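Here is what each chain is made of, one letter per residue.
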Amino acid sequence: MTLEPAETPARPEEAQARLAEAQARLVAALVAGGDIPEGFDRERMRAQAASLIAKRRGIVARIRPDTAMAAGPDLAAEFAAYARSRTAPPPNYRTDADDFAAWLRERGRMPEPPHRRPRWWSRLLP
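Here the structure is a predicted model, which means the values were calculated and not measured.

### Considerations on the packing of aromatic side chains
- For the structure shown, the criterion picks out 5 aromatic pairs.
- Centroid distance Phe79 to Tyr82: 5.3 Å. Interplanar angle 55 degrees. Geometry classified as tilted. Taken together, the residues Phe79 and Tyr82, both in helix 4 (residues 75–85) and 3 residues apart, mark about one turn of the helix.
- Judged by relative accessible area, which is 0%, Phe79 ranks as buried.
- We classify Tyr82 as buried; its relative accessible area is 2%.
- Seen in terms of ring centroids, Tyr82 and Phe100 are 5.3 Å apart; in terms of plane orientation they differ by 55 degrees. Their pairing is tilted. Placement of Tyr82 in helix 4 and of Phe100 in helix 5 (residues 93–106) is noted, with a sequence separation of 18 residues between them.
- Pairwise contacts between aromatic rings join Phe79, Tyr82, Phe100 and Trp103 into one cluster.

The rules behind these values
- Residues numbered from 1 in each chain as written.
- Predicted model: local features only at pLDDT ≥ 70, side-chain atom pairs only at ≥ 80, totals over all residues.
- Heavy atoms only, no water.
- Phe/Tyr/Trp six-rings, centres within 6.5 Å; stacked < 30°, edge-to-face > 60°.
- Helix = DSSP H or I, 4+ residues; strand = E, 2+ residues; numbered from the N terminus.
- Buried < 20%, exposed > 50% of the residue type's maximum accessible area, 1.4 Å probe, protein only.

If you want it as C-alpha cells, here you go:
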C-alpha cells in the first residue's frame, strides 16, 4: 500500500506557511473557542478544550483572586464565556488574568480598581 500526499507544496516556505496556519486553527479551537479543524474528533477536542480552560481558570484565580471573588459561584461559566470570546490565545497567564478582570468589569461584575495616590517623590520628577 502506497500513501500519496494529497498535495505537495512547490516550496518549503509554502509548506511552513500552511503548517503554521493549521497549527493556529488548532490552537484557536483549543483555547479561544475557534472552529474545530476538519479531521479531528469533535468530542475529544471539546474535552481537551474544556480541560485547558479549567487549567487557565485555576491559574487566573491564583494570579488574580479578586476575579474569582467577583465572579463568585459563576466563575466557571464566566471564565468559559470569556475564553470563547477571545479570537486568539493570550500571550501569558498574567495577561489572561488582567484581560479576564477587564472582561468582568465591562459586564459590571467587578468594581473599578481604586485610584492610587501618587507617591510623594513623584512631585519631584519633571
